[in-house]
Amino acid sequence: MQQSTIREAFSVNGVGVHRGQECSTTIKPASEDTGIIFFKSDVSNEGAKEEKIIASYKNVKNATMCTQISNENGASLKTIEHLMAALYGMKISNAVVEVRGEEIPILDGSSLMFVEKIKEVGIQKQSKPRKILKVLKKIKVTDGDKFEEIEPFDDFEINAKCDFEAKGLKTDPVIFNFSKNDFATEIAAARTFGFVSEVEYIKKHNLAQGASLKNTVVYNDKGIPLNDEGLRFENESAKHKVLDIIGDLSLSQYWIQGRMNCFCPSHKLNNILLRMLFASTENYEIL
Ligand SMILES: [Zn+2]
């Protein structure tokens, strides 16, 4: 697989789900071996210097409710995962992302608009090959009965199962294989979600201030979505978990050759799994 970038820059603006503030993002082409790099400027501090934050698992300082990356100066960006999933899912290895604000816009809660914009501007293949991270040993991380593991496999595949039965949702596992399945049509449109039972807690703790039925599927206590649109896929929420995994694992900065199996995946476990994987060079090799 060759490295690739986008043919032209594009911008996406909108509200951030956590702080509820307007944010703007411009995604620009980048040269080979750049990876994905964020440049953040502060809306409330006009003239302050742009902060560079590399999209790496090492820079994840907080993974509660979203994936947040920070640099050594303490500058941070929230909710990068849906944009990262779109870039990885569309096999974009190099891009510079300029952000004004604290987070990446939530848009409709999925990766769909990023994917549409990437398709619109086009993908530019570059000449250098993309570096591949080949998993050599099975790594498993657990959190109570939740777990994630990654094991040797000749392709990149994600097999995710969730525990939504009690909430009345479909729980069929989602298997996504990068050679056999299509990210743009099968995963990208799956939206973030929540439950009416959580709304009080979220309000009380000032979380998800920008969340609405326009960007979040909200289920009632019978597992029925309250959004006018209904569901985009039968098992949309499990698919969104796969979308989040793709975004989070892209922070490895490599194309992955391995199979991930998980039960109740989370941003936190996704990050711990990568840290465990990279903890020993016996666990992987770079091709
Ligand atoms: Zn998400």
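Here the structure is shown first, and the text comes after it.
Residues numbered from 1 in each chain as written. Predicted model: local features only at pLDDT ≥ 70, side-chain atom pairs only at ≥ 80, totals over all residues. Heavy atoms only, no water.

> How do you make sense of unusual backbone geometry when you look at a structure like this?
Of all residues except glycine, most have a negative phi; of all peptide bonds, most are trans. Non-glycine residue Asn 206 carries a positive phi angle of around 55 degrees. Positionally, Asn 206 belongs in the loop between helix H4 (196–204) and strand S17 (217–219). The phi angle at Ala 208 is positive, at roughly 45 degrees, despite the residue not being glycine. Locating Ala 208 in the fold gives a position in the loop between H4 and S17. For Ala 208, a relative accessible area of 17% translates into the label buried. (Helix = DSSP H or I, 4+ residues; strand = E, 2+ residues; numbered from the N terminus. Buried < 20%, exposed > 50% of the residue type's maximum accessible area, 1.4 Å probe, protein only.)

> Help me out: how do you make sense of the nonpolar core in this one?
One recurring pattern in soluble globular proteins: nonpolar side chains tend to sit buried together. Counting residues in each nonpolar core, the largest one holds 72 residues, and the members touching the most others are Phe 38 and Ile 246. Mapped onto the domain boundaries, this core takes at least three residues apiece from domain 1 (2–129) and domain 2 (132–286). Discounting residues that sit within four places of it in the chain, Ile 246 has contacts with Ala 85, Tyr 88, Gly 89, Ile 158, Phe 176, Phe 178 and Phe 183. (Core = buried A, V, L, I, M, F, W, Y, C linked by side-chain atoms within 4.5 Å. Domains from an automatic or database assignment. Contact = heavy atoms within 4.5 Å.)

> Which parts of the structure should I look at to understand the layout of surface pockets?
Of the pockets and cavities examined, the largest pocket occupies roughly 1400 Å³. Lining the largest pocket we find 47 residues, and of these Met 65, Phe 193, Gly 194, Glu 198 and Ile 202 sit closest to its centre. Contributions of two or more residues to the lining of the largest pocket are made by helix H1 (81–89), strand S16 (193–195), H4, helix H5 (236–249) and helix H6 (267–278). In terms of residue class, the lining of the largest pocket is built from 20 nonpolar, 15 polar and 12 charged. When we break the lining of the largest pocket down by domain, the ones giving at least three residues each are domain 1 (2–129) and domain 2 (132–286). Taken as a whole, the second largest pocket spans an internal volume of roughly 330 Å³. (1 Å grid on protein atoms, 1.4 Å probe; cavity = no way out; pocket = protein on both sides within 12 Å on 5 of 7 lines; lining within 4 Å. Points joined across faces, edges and corners; volume = space filled by probe spheres on them. Nonpolar A, V, L, I, M, F, W, Y, C, P; charged D, E, K, R; others polar.)

> How should I be thinking about the sheet that holds strand S9 (residues 95–100) in this particular structure?
Paired through backbone hydrogen bonds, the strands of a sheet run either parallel or antiparallel to each other. Judged by pairing direction, the sheet is mixed, and its 5 strands sit side by side in the order S2-S3-S9-S4-S5 without closing on themselves. In this open sheet, the two edge strands, each paired with only one partner strand, are strand S2 (10–15) and strand S5 (51–54). Between one strand axis and the next, the sheet turns by 20 degrees as a mean value, whatever way the strands run. Pairing of strand S3 (residues 22–29) with S9, which is carried by 6 bridges, proceeds in the antiparallel orientation. Across the sheet, Lys 28 pairs through a bridge with Val 96, a residue of S9. Sitting on the sheet, H1 is in contact with S3, strand S4 (36–41) and S9, with an inclination near 150 degrees to S4. With respect to the sheet, helix H2 (residues 112–121) is in contact with S2 and S3, its orientation differing from that of S2 by roughly 165 degrees. (Pairing = 2+ DSSP bridges. Axes fitted to C-alpha atoms, helices over the stretch in contact; angles between N-to-C directions.)

> So what exactly am I meant to see when it comes to the coordination of the zinc ion here?
Reference values for angles at a metal are 109.5 degrees in the four-donor tetrahedral case and 90 or 180 degrees in the six-donor octahedral case. At 2.1 to 2.7 Å from the zinc ion lie its protein donor atoms, namely His 82 (NE2), His 240 (NE2), Asp 244 (OD) and Asp 244 (OD). Taken together, the 4 donor atoms coordinating the zinc ion and their angles of 53 to 151 degrees define a geometry best described as irregular. Judged by its relative accessible area of 6%, His 82 falls in the buried class. (Donors = N, O, S within 2.8 Å, 3.2 Å for Na, K, Ca; no water. Tetrahedral: all angles 85-135°; square planar, octahedral: opposite > 155°, others 65-115°.)

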